[in-house]
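# Observations on the model geometry
Residue-level listing of the chains:
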Amino acid sequence: MKHTIHTIFLLSAACAVSCGTSADNSGPAMKAAAEAGRRDASEVMAHPSGSMDREKGVFAIRARETELRESGLDSCANAYARGAYAVIDSTLNAENGLR
């Protein structure tokens, strides 16, 4: 989560250029948004299950998604969320499969 401010700034700048409409689903900004979501979620899910750090991290991911939406960057917010939640879901499924 060290890269939070940089991620938000770079993602917002990139998305402002090419994520203005939901029709633009293949541009570099969409790929960057999805990758940022995956990277952020990977960092969060590296914390122990049930830990406060993991919980705070998941809330931070949701907050980033909301910030993108409030900036009018719905397509980037969707890409960011898809990337993040794919990692979160796969991690939780793997953890639940081990129990």
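### Observations regarding the nonpolar core
If you look at the biggest cluster of nonpolar residues, it comprises 18 residues, and the most contacted ones within it are A41, I61, C76 and Y80. Counting residues per element, the ones that place at least two in this core are α2 (28–45), α3 (52–70) and α4 (74–98). Tallying contributions element by element places α2 first for this core, with eight residues. Excluding anything up to four places from it in sequence, I61 contacts D40, A41, V44, Y80, A84, Y85 and I88.

### Concerning the environment of E55
Mapped onto the fold, E55 is located in helix α3. A residue is classified by how much of its surface remains accessible, and E55, at 38% relative accessible area, is partly exposed. When the C-alpha atoms of E55 and V44 are compared, they prove to be 8.3 Å apart, with eleven residues separating the residues in sequence.

### Quick word on the pattern of salt bridges
Summed over the entire model, instances satisfying the criterion amount to eight salt bridges. Of the charged contacts in the structure, one is a salt bridge between D40 and R39, with a shortest N-O distance of 4.0 Å. Classification of D40 by relative accessible area gives buried; the value is 3%. Looking at R39, the relative accessible area reads 31%, which means it is partly exposed. For R64, the salt bridge goes to D40, with nearest N and O atoms at 3.5 Å. In this pair, R64 sits in helix α3 while D40 sits in helix α2, placing the two residues 24 residues apart along the sequence. A single burial state applies to R64 and to D40, both of which are buried. The structure contains a network of salt bridges with shared partners spanning R62, E65, R69 and D74.

Definitions and limits used
Residues numbered from 1 in each chain as written. Predicted model: local features only at pLDDT ≥ 70, side-chain atom pairs only at ≥ 80, totals over all residues. Heavy atoms only, no water. Core = buried A, V, L, I, M, F, W, Y, C linked by side-chain atoms within 4.5 Å. Buried < 20%, exposed > 50% of the residue type's maximum accessible area, 1.4 Å probe, protein only. Helix = DSSP H or I, 4+ residues; strand = E, 2+ residues; numbered from the N terminus. Contact = heavy atoms within 4.5 Å. Salt bridge = Lys/Arg side-chain N within 4 Å of Asp/Glu carboxyl O.

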